[in-house]
Amino acid sequence: MTRADLLALTPDTLASLANRGLVKRAEKDLAAGSGPVVTSSDDGTVRGTFPDGTATALPPGSGLDAADCSCAATGVCRHRIGLVLAYQRGTQEETPEAAEPLANWSPGEFDDDALAAALGRTALTAAHRTRARGYTARVHRPTAEDPAPRVELPTCTVRFPVPRELGYALTDAAAALRAEVITLAVWAFRAADAEQVTEVSVGGRTVDGRATVTAAADEALRAAVALADELLLDGVQQAGPVFAGSLRRAGRDLAATSQHWPAGAVAALREQLDAYADRSTRYTPGRLAALLAELHARHRAAGQDPVGVLGTAEAPVTPLRRVRLVALGCRIGGTVRDRTAETYFAHADAGVALVLRTRWDLTEDRCPTGHDLSERRLLGSPLRALATANVVSEHTARAADRTVTLSRGRIAATSVTPVGSAWTELPESLLVRDAAAHLRAAGDRPPRLIRPRVEADAVRVVMVDGVDEIGYDPAGQRLEAVFRDPAGNGVHLHAEYNPLCPGGLDALAAALRDGGIRAVSGMLGRTRGRTVLDPLAVLTARGVTVPDLAPGAGDTTLEATARRPADPITEALEAALTALADAAHQGLRRSTPATRAALGDSAGRLRRTGLHSAAGLLDDLTRNLHVHGAPAAVPHWVTAQIRLTTGLDLHQEDG
């Protein structure tokens, strides 16, 4: 075992390989003088003899679980942890000034023979089956702040804390899946290194390298697109129970052929139709139009990258080993028939955010607010406690869309404790001190319409150095604020009024005015060229405030904010998308002269801002509607919606 290998095993890494209790006990024994006498063999084996006679050996090229120890414990024990810590202390005392340089390496360096030798042929065979179906991954290369390479797989994360050592690779997947997911992570790095990218699709192709989509999958996707066209032609008012049943069958067929992302779009379409039927504010023509365009966009792009665009063969659910989750707040939603709570968690070891969904059916005489729901019990604790807690669970499973399920299991298998200062201890992938740099480092991503449908992908905790402005926009029913992160960047906070949580904006404003504010969690992104955060919770010196669970009637008078005009390009694109959404809402067959006039006006506005190609798309749509009829206009509406949506996204992200 080399000096660099052992020094790379930080206390956090050792805790991940075993548990924090063993690390603390080993540190306590070492401090009390009960540590081992350490020796090194010529072959690189590090040996330790403890005062109680226990002998432990760490051979080179193997993990702690493969080390030899004469104690009776199974698996990683305190003696193995103690030997690592003792070796580190002795080495640092000999050369205290020596600092290990950043190891600029890639797990993709391991070939399949090395994988088989370290992880076993069985794991390699299982991984080959997954690669044949295809999977997506996002790789994170070593940096000075985070020197351990890691890979985000669809349902778990793999880290490589010790350079060029597979035995110490860490994953949050259950032990039975460890070797397989490490293999998949190495292959992901190999593919990313070859293409010099960070997001890759691995496998799912024929021997000649072309992307494949099975006949059944193609038929299911075509059927879903045909339903989208029917809805676009006839409008939402004509979509009755029969059409809803057809959508439901289409979603099942897509899921059965492992096309999880289009299936998610179909499910969202059904939710929009239900919301329209209930006259709920959850229905918006813009959302409907975006979903119709998404199905077409995924169908058009499926031949290039079926794994990334369709979600082909994404593992439905992966059980995780013992995990520690840090709650980041909660979002309440619902209809006249139900209430939903989405509780967001940071999975620090994996460096990602996850979401736990809960739904309650309502009786006709009940209309609970978010504050009422805060007393409902989940995992034995009130929702208000769970949304501001550290959760340690041995009964956790993670889905490809980053939703998570938690269960209590046996006694003491799941614990819920106050979050304390855990927000400020999150890794840099989740804790943002420089919002501008963080968004730049996100790198190039596929257009929003064909990205994986991943929940909580944008959820972050942003540190707050000071709050500059707080105000209320009565026209948009939105609280707006501007705060500074530690790097001096201005972050614009936008929080829309939620009628299910009447006291939410009042509680948020009070937390932002708190002199002890430390951080805000929420969805971080860019809008109209500005860094924007849609907040979930606020951390102050008094604790965590979750606006959606706060009491109150929303009757506090909030100071009005000054309206900020949008730039001409954003306004022109948004107006054009509004005209397209109105046309989809009514149905192209039922488009009125006013609808066609709005499309024409939007084309003129785009042309005046220099967006001539975009204006031409609207002209083509209007001309086909008038000359050839609604069916011929469908592809022109789809192309215009896709192009304008993507153009607006890029304009806003680039600022």
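Our subject in this report is the structure included herewith. (Residues numbered from 1 in each chain as written. Predicted model: local features only at pLDDT ≥ 70, side-chain atom pairs only at ≥ 80, totals over all residues. Heavy atoms only, no water.)

Describing the nonpolar core
Moving on, step 1. Membership of the largest hydrophobic core comes to 63 residues, with the highest contact counts inside it found for Leu292, Leu580, Leu588, Leu606, Leu618, Trp637 and Leu644.
Moving on, step 2. When near neighbours in sequence (up to four residues on either side) are disregarded, Leu292 contacts Ala228, Leu231, Leu232, Leu269, Ala584 and Trp637.
Moving on, step 3. Leu328, Phe345, Leu378 and Val546 belong to the second largest nonpolar core, which has 48 residues in total. (Core = buried A, V, L, I, M, F, W, Y, C linked by side-chain atoms within 4.5 Å. Buried < 20%, exposed > 50% of the residue type's maximum accessible area, 1.4 Å probe, protein only. Contact = heavy atoms within 4.5 Å.)

Considering empty space enclosed by the protein
Moving on, step 1. With the rule as written, the count across this model stands at two cavities of 30 Å³ or more.
Moving on, step 2. Along its surface, the largest cavity is lined by Ser16, Thr157, Arg159, Leu170, Thr171, Asp172, Arg321, Arg322, Val323, His347, Asp349 and Ala350.
Moving on, step 3. Residue assignment for the lining of the largest cavity shows that the elements contributing at least two residues are β7 (157–159) and β8 (170–171).
Moving on, step 4. Across the lining of the largest cavity, the residue classes tally to three nonpolar, four polar and five charged.
Moving on, step 5. Put simply, the parts of the chain that give the lining of the second largest cavity at least two residues each are α3 (20–31) and α4 (78–94). (1 Å grid on protein atoms, 1.4 Å probe; cavity = no way out; pocket = protein on both sides within 12 Å on 5 of 7 lines; lining within 4 Å. Points joined across faces, edges and corners; volume = space filled by probe spheres on them. Helix = DSSP H or I, 4+ residues; strand = E, 2+ residues; numbered from the N terminus. Nonpolar A, V, L, I, M, F, W, Y, C, P; charged D, E, K, R; others polar.)

Describing the packing of aromatic side chains
Moving on, step 1. Considering all chains together, one arrives at three aromatic pairs under this definition.
Moving on, step 2. An aromatic cluster of three or more residues is present, and its members are Trp105, Phe110 and Phe160. (Phe/Tyr/Trp six-rings, centres within 6.5 Å; stacked < 30°, edge-to-face > 60°.)

A few points about the sheet that holds strand β17 (residues 396–399)
Moving on, step 1. The antiparallel open sheet is built from three strands, whose spatial order is β10-β17-β18. Each of the sheet's edge strands pairs with one partner strand only, and the pair in question is β10 (317–320) and β18 (404–406). Across the sheet, the mean angle separating the axes of adjacent strands is 25° when strand polarity is ignored.
Moving on, step 2. In the sheet, β17 pairs with β18 via three bridges, with the strands oriented antiparallel. Directly across from Thr396, in β18, lies its bridge partner Leu406. (Pairing = 2+ DSSP bridges. Axes fitted to C-alpha atoms, helices over the stretch in contact; angles between N-to-C directions.)

Some points on helix α7 (residues 178–195)
Moving on, step 1. With 18 residues, α7 should reach 26 Å at 1.5 Å per residue; the first-to-last C-alpha distance of 26 Å fits that figure.
Moving on, step 2. Judged by how many residues are buried, α7 sits mostly within the fold: 13 of 18 residues are covered.
Moving on, step 3. Gln196 lies just past α7 and shows a positive phi near 55°. (Expected span 1.5 Å × (residues − 1).)

Examining the pairing of strand β11 (residues 323–334)
Moving on, step 1. Burial runs high along β11: 10 of the 12 residues are buried.
Moving on, step 2. Relative to strand β16 (residues 389–393), β11 is paired through four bridges, and the arrangement is antiparallel. Across the sheet, Arg324 pairs through a bridge with Val392, a residue of β16.
Moving on, step 3. One ladder, built from nine bridges, connects β11 with strand β12 (residues 338–347); its direction is antiparallel. Following the sheet pairing, Ala327 is matched in β12 by Phe345.
Moving on, step 4. Connecting β11 to the next strand, β12, in antiparallel fashion are three residues.

A closer look at the packing of helix α10 (residues 260–277) against helix α11 (residues 285–301)
Moving on, step 1. One way to put it is that α10 packs onto α11 with a least axis distance of 10 Å and a crossing angle of 155°. Here α10 lies roughly antiparallel to α11, going by the angle between them. As for how α10 packs across α11, the hand of that crossing is left-handed. Across from Trp261, Pro262, Ala265, Val266, Ala268, Leu269 and Gln272 in α10, the residues of α11 making contact are Arg287, Leu288, Leu291, Leu292, Glu294, Leu295 and Arg298. (Parallel < 35°, antiparallel > 145°, perpendicular 65-115°, else oblique. Left-handed = near helix turned anticlockwise from the far one by under 90°.)

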